[in-house]
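# Secondary and tertiary structure notes
Single-letter residue listing:
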Amino acid sequence: MGDESESMKKAFLTGISGQDGSYLAELLLEKGYEVHGMMRRASTFNRERIDPLFFDKPLNAKDRLHLHYGDLADGSSLNRLLRTIKPDEVYHLGAQSHVRVSFDVPEYTADVTGLGTIRILDAILETGIHTKFYQASSSEMYGKVMEVPQKETTPFYPRSPYGCAKVYGYWITVNYREAYGMHASNGILFNHESPRRGESFVTRKITKTLARILAGKTKDLPLGNLDAKRDWGYAKDYVEAMWMMLQAPQGDDYVVATGETHSIKEFLDLSFGMVGRDWKDYVRIDPKYFRPTEVDLLIGDPTKAREKLGWKPKTSFKELVQIMVAADLKDEGLDPQKLMKI
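I will try to describe carefully the structure that is included in this document. (Residues numbered from 1 in each chain as written. Predicted model: local features only at pLDDT ≥ 70, side-chain atom pairs only at ≥ 80, totals over all residues. Heavy atoms only, no water.)

### Topic: the overall build of the protein chain
- What the protein chain contains, in helices and strands, is 13 helices and 13 strands.
- The C-alpha radius of gyration of the protein chain comes to 20 Å, within 12% of the 20 Å expected for a compact globule of 342 residues.
- Buried residues in the protein chain amount to 54% of all 342 residues.
- Long-range contacts, defined here as pairs at least 24 residues apart, represent 79% of the contacts in the protein chain between residues at least 6 apart.
- Within the structure as shown, the protein chain displays about 15300 Å² of accessible surface, and the carbon and sulfur contribution to it stands at 50%. (Helix = DSSP H or I, 4+ residues; strand = E, 2+ residues; numbered from the N terminus. Rg over C-alpha atoms; globule rule 2.2 N^0.38 Å. Buried < 20%, exposed > 50% of the residue type's maximum accessible area, 1.4 Å probe, protein only. Contact = heavy atoms within 4.5 Å. Areas by Shrake-Rupley, 256 points an atom, 1.4 Å probe, with all protein chains shown as cover.)

Written out as structure tokens, the structure reads:
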């Protein structure tokens with residue numbers, strides 16, 4: 001637990017029902033925060049990642065975790081929530097975050113992922129609340145990479161509507177920091193995965209389908225470009241960096257990454273190898289999973305985050321794959337200890 005002053009802090013999270021939002025809410029509750037999360041109203045509930053937090057006795061979260069309806073496309077709802085809650089820290093994680101889907105819904109992606117950021121920044125400005133702001137920026141902003149590894153000074157060259165929207169969100173955060181003296185930070189997070197990752201994202205799709213193969217429910221794993229390389233870390237490690245940025249004396253921009261890159265083929269080799277299977281027996285290349293413009297190589301340089309914040313990843317690539325495979329095996333009612341060769 002944090003000290004007494006820390007225990008009184010309020011945090012406001014957009015995207016609380018997502019992978020990062022659920023891990024960040026968990027971290028903040030452990031530190032004694034009162035956590036307010038914004039969710040879009042939908043006909044189906046999307047609370048499976050955060051519902052356990054209400055019943056996790058060590059966190060004592062029932063009275064300190066509050067959910068509110070709102071929408072990043074609706075500036076008035078953001079303004080109302082910030083005026084009412086008056087948070088000490090705002091973590092903006094909400095977005096249309098699927099890169100491939102952004103080609104199908106480019107205008108929606110620009111509205112929610114790009115303009116959503118200025119709506120929340122402007123709500124902070126209009127309400128006059130004294131708060132610190134975190135913007136979830138993305139390695140997809142580098143796209144067609146200009147240098148290897150990518151760092152804070154590397155020029156952006158986005159290769160998707162999602163990447164373009166994130167570049168706008170990044171620069172408007174910098175602009176509001178410089179124009180209005182806001183404590184506003186960009187976390188340029190490289191790919192970060194976990195058992196809470198959405199099932200349409202390639203790493204989770206692999207581990208989830210692998211578990212279904214072992215459960216006898218499918219024999220087929222359709223994928224796109226297996227040669228794409230990513231810098232993959234563990235989401236639970238990465239949300240700590242978000243919190244650290246808002247504890248720093250001033251807002252700034254940081255790359256959050258492992259400094260290693262691995263291909264999708266490597267992820268397949270490792271995950272299927274853990275259960276004694278050959279992925280080539282199951283993977284089918286499907287053209288619909290290729291992007292119109294591909295990002296081939298992402299690898300981040302986290303030196304600044306290490307030196308200025310004291311942050312570094314705790315979980316190796318192999319450990320991350322083990323965590324995800326074991327969790328998905330359990331979800332299918334299988335025993336990881338019996339099936340995994342670690």
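### Structural notes on a nonpolar patch on the surface
- There is a patch of nonpolar side chains on the surface, built from Val101, Val105 and Tyr108 and spanning about 210 Å² of accessible area.
- Mapping tyrosine 108 onto the fold places it in helix 6 (residues 106-127). (Patch = residues over 30% accessible without salt bridge, like charges linked within 9 Å, V, L, I, M, F, W, Y side chains within 5 Å. Salt bridge = Lys/Arg side-chain N within 4 Å of Asp/Glu carboxyl O.)

### So, the nonpolar core
- With 62 residues, the main nonpolar core has Tyr91 and Leu268 as its most contacted residues.
- When residues of this core are assigned to their parent elements, the largest contribution, 8 residues, is made by helix 9 (residues 235-247).
- Counting residues in each nonpolar core, the second largest holds 19 residues, with Phe12, Leu72, Leu81 and Phe133 among its members. (Core = buried A, V, L, I, M, F, W, Y, C linked by side-chain atoms within 4.5 Å.)

### Examining helix 12 (residues 317-331)
- Compared with the 21 Å implied by 1.5 Å per residue over 15 residues, the 21 Å span of helix 12 between its first and last C-alpha is a close match.
- Burial in helix 12 covers these residues: Phe317, Leu320, Val321, Gln322, Met324, Val325, Ala326, Asp328 and Leu329.
- On its buried side, helix 12 packs onto strand 7 (192-193), helix 8 (202-214), strand 10 (233-234), strand 12 (262-263), helix 10 (264-273) and helix 13 (336-339).
- Glycine 333, located one to two residues past helix 12, shows a positive phi value of around 80°. (Expected span 1.5 Å × (residues − 1).)

### A closer look at the environment of leucine 210
- Of note, leucine 210 is situated in helix 8.
- Judged by its relative accessible area of 0%, leucine 210 is buried.
- The contact partners of leucine 210, leaving out residues within four places of it in the chain, are Ser271, Phe272, Val275 and Val325.

### A word on the pairing of strand 6 (residues 183-189)
- The buried fraction of strand 6 is high, at 7 of 7 residues.
- Burial along strand 6 is two-sided: the residues His183, Ser185, Gly187 and Leu189 and Ala184, Asn186 and Ile188 are all buried.
- Once the chain exits strand 5 (residues 132-138) it traverses helix 7 (residues 161-180) before rejoining the sheet at strand 6, and the crossover so formed is right-handed.
- Pairing geometry for strand 6 and strand 11 (residues 253-256), over 4 bridges, is parallel. Bridge pairing in strand 11 places glycine 187 opposite tyrosine 254. (Right-handed = clockwise from strand over helix to strand, strands pointing away. Pairing = 2+ DSSP bridges.)

### What about the pattern of salt bridges?
- This model, assessed by the stated rule, comprises 17 salt bridges.
- Here aspartate 253 and arginine 177 are joined by a salt bridge, their closest N and O atoms 2.9 Å apart. In this pair, aspartate 253 sits in strand 11 while arginine 177 sits in helix 7, placing the two residues 76 residues apart along the sequence.
- Residue classification places aspartate 253 among the buried positions, given a relative accessible area of 8%.
- Across the salt bridge formed by lysine 208 and glutamate 332, the nearest N and O atoms sit 3.7 Å from each other. Of this pair, lysine 208 sits in helix 8 while glutamate 332 sits in the loop between helix 12 and helix 13, placing them 124 residues apart in sequence.

### Considering a negative patch on the surface
- Residues Glu266, Asp269, Asp278 and Asp281 make up a contiguous surface patch of negative charge.
- Counting through the fold element by element, aspartate 269 comes out in helix 10.
- Using a relative accessible area of 44% as the deciding quantity, one classes aspartate 269 as partly exposed. (Lys, Arg positive; Asp, Glu negative; His and termini not counted. Charge placed at Lys NZ, Arg CZ, Asp CG, Glu CD.)

### What about the environment of arginine 196?
- Counting through the fold element by element, arginine 196 comes out in the loop between strand 7 and helix 8.
- Leaving out residues up to four positions away in the same chain, arginine 196 has contacts with Gln19, Ser22, Tyr23, Glu26 and Arg49.
- Polar side-chain contacts of arginine 196 include one of 2.8 Å to the side chain of glutamate 26. (Polar contact = N/O pair within 3.5 Å; in protein donor to acceptor, adjacent residues only side chain to side chain.)

### Thoughts on the layout of surface pockets
- Of the volumes computed, that of the second largest pocket is approximately 180 Å³.
- What lines the second largest pocket is simply Ile124, Leu125, Gly128, Ile129, His130, Thr131, Lys132, Tyr180, Gly181, Met182 and His183.
- Of the residues assigned to the lining of the second largest pocket, the class counts are 5 nonpolar, 5 polar and 1 charged. (1 Å grid on protein atoms, 1.4 Å probe; cavity = no way out; pocket = protein on both sides within 12 Å on 5 of 7 lines; lining within 4 Å. Points joined across faces, edges and corners; volume = space filled by probe spheres on them. Nonpolar A, V, L, I, M, F, W, Y, C, P; charged D, E, K, R; others polar.)

### Quick look at the packing of helix 6 against helix 7
- Where helix 6 contacts helix 7, the two axes come as close as 8 Å, and the packing angle between them is 15°. Taken together, helix 6 and helix 7 sit at an angle that is classed as roughly parallel. In this structure, the crossing between helix 6 and helix 7 has a hand that is right-handed. Contact with helix 6, carried on its side by Pro106, Thr109, Ala110, Thr113, Gly114, Leu115, Thr117, Ile118, Leu121, Asp122 and Leu125, involves Pro161, Tyr162, Ala165, Lys166, Tyr168, Gly169, Ile172, Thr173, Tyr176 and Tyr180 of helix 7 and no other residues of that element.
- Its residues assigned to classes, the contact of helix 6 with helix 7 shows 13 nonpolar, 6 polar and 2 charged. (Axes fitted to C-alpha atoms, helices over the stretch in contact; angles between N-to-C directions. Parallel < 35°, antiparallel > 145°, perpendicular 65-115°, else oblique. Left-handed = near helix turned anticlockwise from the far one by under 90°.)

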